[in-house]
Every structure is written in C-alpha cells, then in structure tokens.
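# Structural description and commentary
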Amino acid sequence: QVHLVESGGGLVQAGGSLRLSCAASGRTASSNAMGWFRQAAGKERDFVAAINWRGGPTYYADSVKGRFTISRDNAKNTVYLQMNSLTPEDTAVYYCAAADEPYWQPEITSKDLRSWGQGTQVTVSA
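Along each chain, residue indices are assigned from 1 in the same order as the chain's sequence is written. Given that the model is predicted, a residue must reach a pLDDT of at least 70 before its local features are reported, and side-chain atom pairs must reach 80 or more before they are shown or counted; all residues, however, enter totals for whole chains, interfaces and linings. Think of the side-chain values as coming from all heavy atoms in the structure, minus any hydrogens and water.

A few words now on the pattern of salt bridges. Each reported salt bridge corresponds to a side-chain nitrogen of Lys or Arg within 4 Å of a carboxyl oxygen of Asp or Glu. Here the structure, examined in full by the defined rule, presents two salt bridges. Across the pair Asp-90 and Arg-38 runs a salt bridge whose closest N-O atoms are separated by 2.9 Å. You can see Asp-90 sitting in the loop between β8 (78–83) and β9 (92–98) and its partner Arg-38 sitting in strand β4 (residues 34–39), a full 52 residues away along the chain. Its relative accessible area of 1% is what places Asp-90 among the buried residues. Here Asp-90 and Arg-67 are joined by a salt bridge, their closest N and O atoms 2.8 Å apart. Placement of Asp-90 in the loop between β8 and β9 and of Arg-67 in the loop between β6 (58–60) and β7 (68–73) is noted, with a sequence separation of 23 residues between them. The rule is simple: take the accessible area with a 1.4 Å probe, protein chains only, and divide by the maximum for that residue type; under 20% is buried, over 50% is exposed, in between is partly exposed. Arg-67 sits in the buried class, given a relative accessible area of 17%. Helix and strand assignments come from DSSP, with helices taken as H or I runs of at least 4 residues and strands as E runs of at least 2, each series counted from the N terminus.

Here is the structure:
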C-alpha cells in the first residue's frame, strides 16, 4: 500500500505563493501516478493537478492552469504543488492521492482513488 503525507499548507495573502509537498512511501510509491485534489468547505473534492510518476505528461484543472505547477522528485519519493498568484477561491484542504497505475488517466475522479493523504489546509486572505 502507498502511505501519503501532505505538508506545506498555511495562511497566505492574495497574490502570494505556497509550495505543497506530498511524501510517499510503500513498495509502489516510486511507480504510481500522483494527483492533487482540493475540497473547500461544504463543497466536493475537485481535481487540481496530476503527474505521471515516471514522467510526463502533466494535467491541470482549468481554474489553476498557468498558476500552479506539479512536479516530483522520485529520489525523495515526493510530489510537489507550487501554487502562485493565489486567490481566496483557492482556499481549501488540499489532498494528494496515488493512482493504481503508473500513468494518470484524465478521466480519473476523486471517487476512483483509494490512497489519500490526510490533507493540508490552504487559506488565502483577501
């Protein structure tokens, strides 16, 4: 099984930046595609970004494209989400998830994934 731990969330003013980290462990940690999702209070958990563990391509939600960048360091078994130009609409709990396959499928939704981190809170003030 894959164990995931997110970190890097916090409070930031609009226009600021944060970098989230997702540390993975387990026998398949280095070969699983990874995704980031977020869930605002009272709303559903939505896709943010994804990356194939062994290489590209990457995928982004339209709402974050051009502002967020997903990357990974396989030597550290860690996936990152660099978030720039943050707005209050980005406020949410951010979760990382591991896919069952090494390559991300664009049709994947949060309901299709079984391995999740505990989440990290991102709050953007106006």
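Inspection of the secondary structure assignment puts Ser-110 in the loop between β9 and β10 (115–116). Judged by relative accessible area, Ser-110 falls into the buried class, the value being 18%. A polar contact of 3.5 Å, which involves the side chain of Ser-110, links it to the backbone oxygen of Arg-45. Counted as a polar contact is a pair of N or O atoms within 3.5 Å, where, for protein atoms, one must be capable of donating a hydrogen and the other of accepting one, and residues adjacent in sequence contribute only when both atoms are in side chains.

The buried fraction of β9 is high, at seven of seven residues. Two strands pair when backbone bridges link them, and β4 and β9 are joined in this way by six bridges, in the antiparallel orientation. Bridge pairing in β9 links Phe-37 to Tyr-95. In this scheme, strands are said to pair when DSSP sees at least two bridges between them. Where β9 and strand β11 (residues 120–125) come together, three bridges link them in antiparallel fashion. When the bridges of β11 are listed, Ala-92 appears paired with Val-122. Here β9 pairs with β10 via two bridges, running antiparallel. Following the sheet pairing, Ala-97 is matched in β10 by Trp-116.

With that settled, the discussion passes to the sheet that holds strand β3 (residues 18–25). Sheet strands pair via backbone hydrogen bonds, and the direction of the pair is either parallel or antiparallel. The sheet built from four strands is open, its strands ordered β1-β3-β8-β7 with antiparallel pairing. Across the chains shown, the open sheet's two edge strands, defined by having one partner strand only, are β1 (3–7) and β7. When strand polarity is set aside, the average angle formed by the axes of neighbouring strands in this sheet is 15°. Where β1 lies against β3, five bridges are found, and the strand directions are antiparallel. Looking across to β3, one finds that Glu-6 is bridged to Cys-22. Interaxial angle, 0 to 180 degrees, is taken between N-to-C directions of lines fitted to C-alpha atoms, where a helix line uses only the stretch in contact.

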